[in-house]
Amino acid sequence: MTYSTPAEIFQTSAQQAALLRAERNAGRPLLATLLLPASVVGDDAQWHAALLQLAERHEILRTRYTQVPGLQLPAQAISAQAEVRLMHAADLEQARELARAVLAETPLVAVRWAEQVLLAAPLASLDRTSLRLLADELAALGQGQTLPEFDALQYADYAAWQEELAEQQLGQEGLAHWRGLLAQFTQAPQLPFERRVGLGGERESSRLELPLATVAGLAAQLGLPAQVALGGLWAGF
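Residues numbered from 1 in each chain as written. Predicted model: local features only at pLDDT ≥ 70, side-chain atom pairs only at ≥ 80, totals over all residues. Heavy atoms only, no water.

**Notes on the pattern of salt bridges**
And then number 1: Enumeration over the complete set of coordinates arrives at three salt bridges.
And then number 2: Arg-57 serves as the salt-bridge partner of Glu-137, at 3.1 Å between the closest nitrogen and oxygen. Separated by 80 residues along the polypeptide, Glu-137 in helix α4 (residues 128–142) and Arg-57 in helix α2 (residues 44–57) bring together distant segments of the chain. There is no split in this pair, since Glu-137 and Arg-57 are both buried. (Salt bridge = Lys/Arg side-chain N within 4 Å of Asp/Glu carboxyl O. Helix = DSSP H or I, 4+ residues; strand = E, 2+ residues; numbered from the N terminus. Buried < 20%, exposed > 50% of the residue type's maximum accessible area, 1.4 Å probe, protein only.)

See the structure below:
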C-alpha cells in the first residue's frame, strides 16, 4: 500500500494491538464513529476545513495502520500532511458502508446525509473520551472560536513510552504481577445478560425492561441520584 504523503512509522500500543487483533479476527474494519447534527459546523466547506484543522492538530487523526515486515500486527503510519474525506450518503447504513470502504486510505472520514454527519476513524485510533473531545472541538470551531494550543503528548509518544517500559525491569515486573493475578481466572468475566457466541469473541445481549419511574422511586427511597441508582442496578443484575 502506498500513501500520497510521507509517513513516520511507530509501533502500536498494547491497546491498539488488541483492537487490531480483534479487527483481523472479525475480517472487517472496526470503526469509531461520532454522529453529529450538520448544523454543529455548517456546510460542506466548513466541515472540511474544520476536520482538516483537527487532523493537523492531532496526529492520531493522520494515522493509518500498515503492515511492516517483521511485525506480526500493523504499525502506526503517521502522515505529515492532514487528509480528510467528506462524502454524501442516502442514510446511516450507507454512511457506515462508505466510511468502512475508504478508511484504509483516508484515516478521517465524514459522511453527510440529510441534516446529519457521521464522523469515522479506525477504532484503534479513538475511544469514547476521544470522540467527546472531538465533538467539543468541532462545536467550538462551528461557533467561530479559536482552539487553544494543543501541547499534550500525542498518542505515538505514549505508545513509544509503553514499548520502552516493557523492556525495562519495572515493566517486566509489572507484567509478571498482573499475569499472576489473572492466572486464577479460567475464563474472562461476563457482563450481566451477556452471552458469548461462536469463536470470534462476538457478543449477544439481552434486554431487561425497567420503567424509569421505578428507578426514580428507588433512588428517592435511598436518597441517591437516579443515575447512581441505575448504575447500582446494572452492576447488581
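**Here's the deal with unusual backbone geometry**
And then number 1: One non-glycine residue, Ala-114, lies in the positive phi region at around 50°.
And then number 2: Residue placement: Ala-114 occurs in the loop between β6 (109–113) and β7 (116–122).

**Here's the deal with helix α1 (residues 14–26)**
And then number 1: Helix length check: α1 (13 residues) gives 18 Å between terminal C-alpha atoms against 18 Å at 1.5 Å per residue, within 8%.
And then number 2: Trailing α1 by a residue or two, Gly-27 shows a phi angle of about 75°, which is positive. (Expected span 1.5 Å × (residues − 1).)

**Some words on the nonpolar core**
And then number 1: One finds Trp-47, Leu-51, Leu-61, Leu-126 and Leu-138 to be the most contacted residues of the largest nonpolar core, which totals 30 residues.
And then number 2: Only β2 (31–37), α2, β7 and α4 provide two or more residues apiece to this core.
And then number 3: The element that contributes the greatest number of residues to this core is α4, accounting for six residues.
And then number 4: Ranked by size, the runner-up nonpolar core spans 12 residues in total, among them Met-87, Ala-95, Val-102 and Leu-118. (Core = buried A, V, L, I, M, F, W, Y, C linked by side-chain atoms within 4.5 Å.)

**Brief notes about the side chain of Gln-76**
And then number 1: Here Gln-76 is to be found in strand β4 (residues 75–79).
And then number 2: At 3.3 Å, the side chain of Gln-76 forms a polar contact with the side chain of Gln-16. (Polar contact = N/O pair within 3.5 Å; in protein donor to acceptor, adjacent residues only side chain to side chain.)

**Description of the confidence of the model for the chain**
Detailed reading of the predicted coordinates is not advisable wherever pLDDT falls low.
And then number 1: Per-chain confidence: the chain averages 80 in pLDDT, with 74% of residues scoring 70 or above.
And then number 2: Put simply, strand β9 (residues 202–205) is where the chain has its lowest mean pLDDT, 45, and strand β5 (residues 85–88) is where it has its highest, 96.
And then number 3: Note that residues 197–206 has pLDDT below 50 and, in this model, 11 contacts with residues that lie over four places away or in other chains. (pLDDT = per-residue confidence, 0-100. Contact = heavy atoms within 4.5 Å.)

**Digging into the sheet that holds β6**
And then number 1: One open sheet holds the four strands; their spatial order is β2-β7-β6-β5, and the pairing between them is mixed. Two strands bound the open sheet, and with one partner strand each, they are β2 and β5. Going from strand to strand, the sheet's axes swing by 20° on average, the running direction of each strand aside.
And then number 2: Direction of pairing for β2 relative to β7: antiparallel, over a ladder of seven bridges. By the bridge assignment for β7, Pro-37 is matched with Gln-116.
And then number 3: Along the sheet, α4 makes contact with β2 and β7, crossing β2 at roughly 35°. (Pairing = 2+ DSSP bridges. Axes fitted to C-alpha atoms, helices over the stretch in contact; angles between N-to-C directions.)

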